[in-house]
Amino acid sequence: MDNAAPSRRPFLAVRDLNKTFQIGTEQVEALREVNLVIDKGEFVCLIGASGCGKSTLLRIIAGFEPPTSGHVDIYDHPVTGPGSDRGMVFQDYALFPWLTVRENIAFGPRQKGLAASKVGEIADEYVQMVGLSPFADRFPSQLSGGMKQRVAIARVLANDANILLMDEPFGALDALTREQLQDELLQIWSRTGVTVIFVTHSVEEATLLADRVVVMTAGPGRIETDIAISLERPRDVSSPGFNDVRRTLTQRLTSHLKRRPLKTAA
């Protein structure tokens with residue numbers, strides 16, 4: 001008799017994923033044989049050189065791009081297009097400039113046809129969660145970059161997303177604002193239990209935030225390594241353990257890159 005326990009159904013699974021773009025007469029291979037399983041509630045960072053397909057993979061998970069072959073499943077249901085269960089946060093915020101903070105956050109619930117009182121309740125909850133209650137009636141043009149990114153995160157969560165897809169969301173912010181939003185994002189993640197897939201170029205940011213860091217090779221993008229980060233939170237960027245992890249990730253990130261000799265000046 002086989003007493004083996006049945007295998008657990010994965011929350012999000014990327015299987016044998018390939019993506020090729022047609023650019024003019026040329027075919028460009030962006031992703032090759034990508035396989036990745038992410039558990040519900042995990043915080044996963046994707047890192048890799050520019051052009052390695054990180055953002056393409058994120059867009060395929062979001063349903064914005066179809067794969068050339070392979071598939072993405074959420075609880076065994078194939079992703080065939082965008083859905084309210086997945087929300088994308090971009091570096092450029094992508095807010096509606098004619099709507100206030102509260103109205104931007106309320107947009108998704110309103111589109112679902114919820115009662116006005118319920119829409120208002122949801123909007124107020126997430127305005128408060130991201131610390132923008134004093135600015136609820138301001139327009140995006142009246143906000144700092146950090147405030148705009150808080151609105152973008154709140155808008156996704158208010159739409160009842162359980163997967164937060166973030167494409168270098170803090171890349172355009174100054175160091176102090178970036179550090180503050182990293183801390184706030186971890187608090188929101190802890191409170192909501194949302195699954196986060198976060199693209200970044202920064203090894204330090206990935207080490208600070210993630211449960212796991214997935215390192216991708218230069219294009220065509222493949223998964224070079226998948227490293228679990230066991231450091232306790234909150235993490236100290238100056239600690240020996242943190243720097244050991246950062247060093248390991250940097251080595252994995254650069255191990256597949258060809259070193260080019262410097263040319264001697266004439």
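Report on the accompanying structure. Here the residue numbers are simple positions, counted from 1 along each chain's written sequence. This being a predicted model, a pLDDT of at least 70 is required before a residue's local features are given, and a value of 80 or more before pairs of side-chain atoms are given or counted; all residues contribute to the totals for chains, interfaces and linings. Derived side-chain values reflect all non-hydrogen atoms in the structure, with water molecules and hydrogen atoms excluded from consideration.

## Focus: the packing of helix H2 (residues 101-111) against helix H4 (residues 145-158)
Consideration 1: Orientation of H2 relative to H4, taken along the N-to-C sense of each, is 25°, at an axis distance of 7 Å. Relative to H4, H2 is oriented roughly parallel. H2 and H4 meet at a crossing whose hand is right-handed. Contacts from Val101, Asn104, Ile105 and Pro109 in H2 reach Val151, Ala154, Arg155 and Ala158 in H4.
Consideration 2: In this count, Pro and Cys sit with the nonpolar residues alongside Ala, Val, Leu, Ile, Met, Phe, Trp and Tyr, while Asp, Glu, Lys and Arg are called charged and the others, Gly among them, polar. By residue class, the composition of the contact of H2 with H4 is 6 nonpolar, 1 polar and 1 charged. Only the contacting stretch of a helix is used when fitting its axis, a line to C-alpha atoms as for every element, and angles between N-to-C directions run 0 to 180 degrees. To qualify as a helix, a DSSP run of H or I must reach at least 4 residues; to qualify as a strand, a run of E must reach at least 2; elements of each kind are numbered from the N terminus. Oblique is the label for every angle not falling under 35 degrees (roughly parallel), over 145 degrees (roughly antiparallel), or within 65 to 115 degrees (roughly perpendicular). For any helix crossing, the convention is left-handed if the near helix is rotated counterclockwise from the far helix by under a right angle, and right-handed if that rotation is clockwise. Contacts are residue-level and defined by heavy atoms, with any inter-residue pair within 4.5 Å sufficient.

## Quick look at the packing of aromatic side chains
Consideration 1: Side-chain rings of Phe, Tyr and Trp, where Trp is taken by its six-membered ring, are said to pair if the distance between their centres is within 6.5 Å; with planes under 30 degrees apart they count as stacked, over 60 as edge-to-face, and otherwise as tilted. Across all of its chains, the model carries 6 aromatic pairs by this definition.
Consideration 2: With centroids separated by 6.0 Å and ring planes inclined at 40°, the aromatic side chains of phenylalanine 43 and phenylalanine 198 adopt a geometry described as tilted. Taken together, the residues span a long stretch of sequence, with phenylalanine 43 in strand S3 (residues 43-47) and phenylalanine 198 in strand S8 (residues 195-199) at a distance of 155 residues.
Consideration 3: Accessibility expressed as a relative area gives 0% for phenylalanine 198, which makes it buried.
Consideration 4: An aromatic cluster is defined as three or more aromatic residues linked by ring pairs; in this entry it consists of Phe43, Phe170, Trp189 and Phe198.
Consideration 5: Directly above the ring of phenylalanine 21 sits lysine 19, whose terminal nitrogen or CZ lies 5.0 Å from the centroid.
Consideration 6: Both a distance and an angle decide whether a charge sits over a ring: NZ of Lys or CZ of Arg must be within 6 Å of the ring centre and within 35 degrees of the ring normal. Against the face of phenylalanine 96 rests arginine 155, its NZ or CZ located 5.3 Å from the ring centre. Three exposure classes are used, based on accessible area relative to the maximum for each residue type with a 1.4 Å probe and protein chains only: buried under 20%, partly exposed in between, and exposed over 50%.

## Side note on the nonpolar core
Consideration 1: What we call a nonpolar core is a set of buried Ala, Val, Leu, Ile, Met, Phe, Trp, Tyr and Cys residues that are connected through their side-chain atoms within 4.5 Å. Ranked by internal contacts, the top residues of the largest apolar core, which has 52 residues, are Phe43, Ile105, Leu164, Phe198 and Val213.
Consideration 2: Counting 26 residues, the second-largest nonpolar core is a separate cluster that includes Ile61, Val72, Val199 and Val214.

## Brief notes about the pattern of salt bridges
Consideration 1: The salt bridge definition used is simple: a Lys or Arg side-chain nitrogen within 4 Å of an Asp or Glu carboxyl oxygen. Throughout the structure, instances matching the rule amount to 15 salt bridges.
Consideration 2: The residue aspartate 137 makes a salt bridge to arginine 102 at a minimum N-O spacing of 2.7 Å. In this pair, aspartate 137 sits in the loop between helix H3 (116-129) and H4 while arginine 102 sits in helix H2, placing the two residues 35 residues apart along the sequence.
Consideration 3: Among the residues examined, aspartate 137 registers a relative accessible area of 57% and is labelled exposed.

## Examining empty space enclosed by the protein
Consideration 1: Every definition here rests on a 1 Å grid over the protein atoms only: cavities are sets of points where a 1.4 Å probe fits but cannot get out, pockets are open sets enclosed by protein on both sides within 12 Å along at least five of seven lines, and lining residues have some atom within 4 Å of a point. Grid points are joined across faces, edges and corners, and a volume is the space filled by probe spheres set on the points. In this structure the tally under the stated criterion is 1 cavity of 30 Å³ or more.
Consideration 2: Lining the largest cavity are Val130, Arg150, Ile153, Leu181, Glu184, Leu185 and Ile188.
Consideration 3: Mapped onto the lining of the largest cavity, the elements with two or more residues apiece are H4 and helix H5 (175-192).
Consideration 4: Top contributing element to the lining of the largest cavity by residue count: H5, with 4 residues.

## Quick word on the sheet that holds strand S1 (residues 12-23)
Consideration 1: The rule for pairing is simple: two strands pair if DSSP sees at least two bridges between them. Taken together, the 4 strands give an open sheet; going across it, the order is S2-S1-S4-S5, and neighbouring strands pair in antiparallel fashion. The open sheet has two edge strands, strand S2 (26-38) and strand S5 (77-78), and neither has a second partner.
Consideration 2: Across 9 bridges, S1 lies against S2 in antiparallel orientation. Of the residues in S2, the one forming a bridge with lysine 19 is leucine 31.
Consideration 3: The strands touched by helix H1 (residues 54-62) within the sheet are S1, S2 and strand S4 (69-74), with S1 carrying the most contacts at an inclination of about 115°.

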